[in-house]
Amino acid sequence: MNTTGHDNASGFDAATARDLLQDTERQVKHAVDIRGDVQFGAWGLAWVLGYLAIWWSTRTQDPYVGPAGWAFMILAVAMVSAIAVTVATITKASAGISGGSWKPGLYYGLTWGVGFLTWQVVMAAVAQAGVSAEVGGLLAGALPALIVAIIYCASAAVWEQDAFFVVGVWLAVSAAIGVWTGPSTMALVVGLLGGAGFGAGTLLSRRARA
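Residues numbered from 1 in each chain as written. Predicted model: local features only at pLDDT ≥ 70, side-chain atom pairs only at ≥ 80, totals over all residues. Heavy atoms only, no water.

A.B. asks: Can you lay out the side chain of Asp37 for me, pointing to particular residues and giving the numbers?
C.D. replies: Tracing the backbone shows Asp37 in helix α3 (residues 36-58). Residues in contact with Asp37, not counting those within four places in the same chain, are Thr202, Ser205, Arg206 and Arg209. (Helix = DSSP H or I, 4+ residues; strand = E, 2+ residues; numbered from the N terminus. Contact = heavy atoms within 4.5 Å.)

Here is the structure:
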C-alpha cells in the first residue's frame, strides 16, 4: 500500500514534522527563558559594589581587623538585591508551566536563600569559635563566591545555558586566587575578577539569545 501520496496530499511529510518539532522547541525555550543576561548584569553590579566596599574599608588596616559595618551593609544589600532579581527571573520563566515542571524553577530560587543563610550561620559559628580576623575575613569573602559558583555550574545543566558554567568556573577560580592574597586584597581581587566574569557572562548570554 502506497502511503506516500496520502502523506503528501495531507501536507504532513517529514520536513513538516521536523519544522513542527523545531517550532515547538523554540516556543518551549522562550517560555522558560530565565534571562541569564539580566541575572549576570544584576550580580555583576552587586559583586563589584559589595566586594569593593569591603576592600575600601579594610585597605589600610594593619593588622587586619575586619570590614566596617557600613561595608557589610552594602555587601548585604547588594547580594539580597541580586538574589531578588534572580528569583524574579526564575519565577517569571516558570509561570504558566503546567504539571510538576515548575518545581525545578522553585527549588532553584530557594537554593539561593538556603546557600546564603547557611553562609551566615557558618560565619556566626566561626566567630563564636574565636578564629582570627584574617581567617574570618578569608571565609567571609570566599564562601559567597563559592556558593554562587556552585549554583551557576549546576544551573548550566538545569537550564542548558553554557554561560552559567563559564561564569561559575570563573568565580571559583577567582576565589581560589583571592584567598592567597590576604583578606583585604582578596576582596579587591574577587570583586574585580568576578565583575569581569559576570560581564563576560552577560555578553555570552545575549549572544546565545540572539
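A.B. asks: Which residues make up the pattern of salt bridges, and what values go with them?
C.D. replies: Under the definition given, this model contains 1 salt bridge. A salt bridge links Asp37 to Arg206; its shortest N-O distance comes to 3.7 Å. One end of the pair, Asp37, is in helix α3; the other, Arg206, is in helix α8 (residues 183-209), with 169 residues separating them in the sequence. (Salt bridge = Lys/Arg side-chain N within 4 Å of Asp/Glu carboxyl O.)

A.B. asks: Give a detailed account of the packing of aromatic side chains, specifying residues and quantitative values.
C.D. replies: Inspection of every chain in the model, using the stated rule, returns 14 aromatic pairs. Pairing Trp112 with Tyr152 gives two aromatic rings, centres 5.6 Å apart and planes at 75 degrees, and the pair type is edge-to-face. Separated by 40 residues along the polypeptide, Trp112 in helix α5 (residues 103-129) and Tyr152 in helix α6 (residues 133-159) bring together distant segments of the chain. The exposure class assigned to Tyr152 is buried, which follows from its relative accessible area of 0%. In this structure an aromatic cluster arises from ring pairing among Phe40, Trp43, Trp47, Tyr51, Trp112, Phe116, Trp119, Tyr152, Phe164 and Phe198. Positioned above the aromatic ring of Trp56, the side-chain terminus of Arg59 is 3.5 Å from the ring centre. (Phe/Tyr/Trp six-rings, centres within 6.5 Å; stacked < 30°, edge-to-face > 60°. Buried < 20%, exposed > 50% of the residue type's maximum accessible area, 1.4 Å probe, protein only. Lys NZ or Arg CZ within 6 Å of the ring centre and 35° of its normal.)

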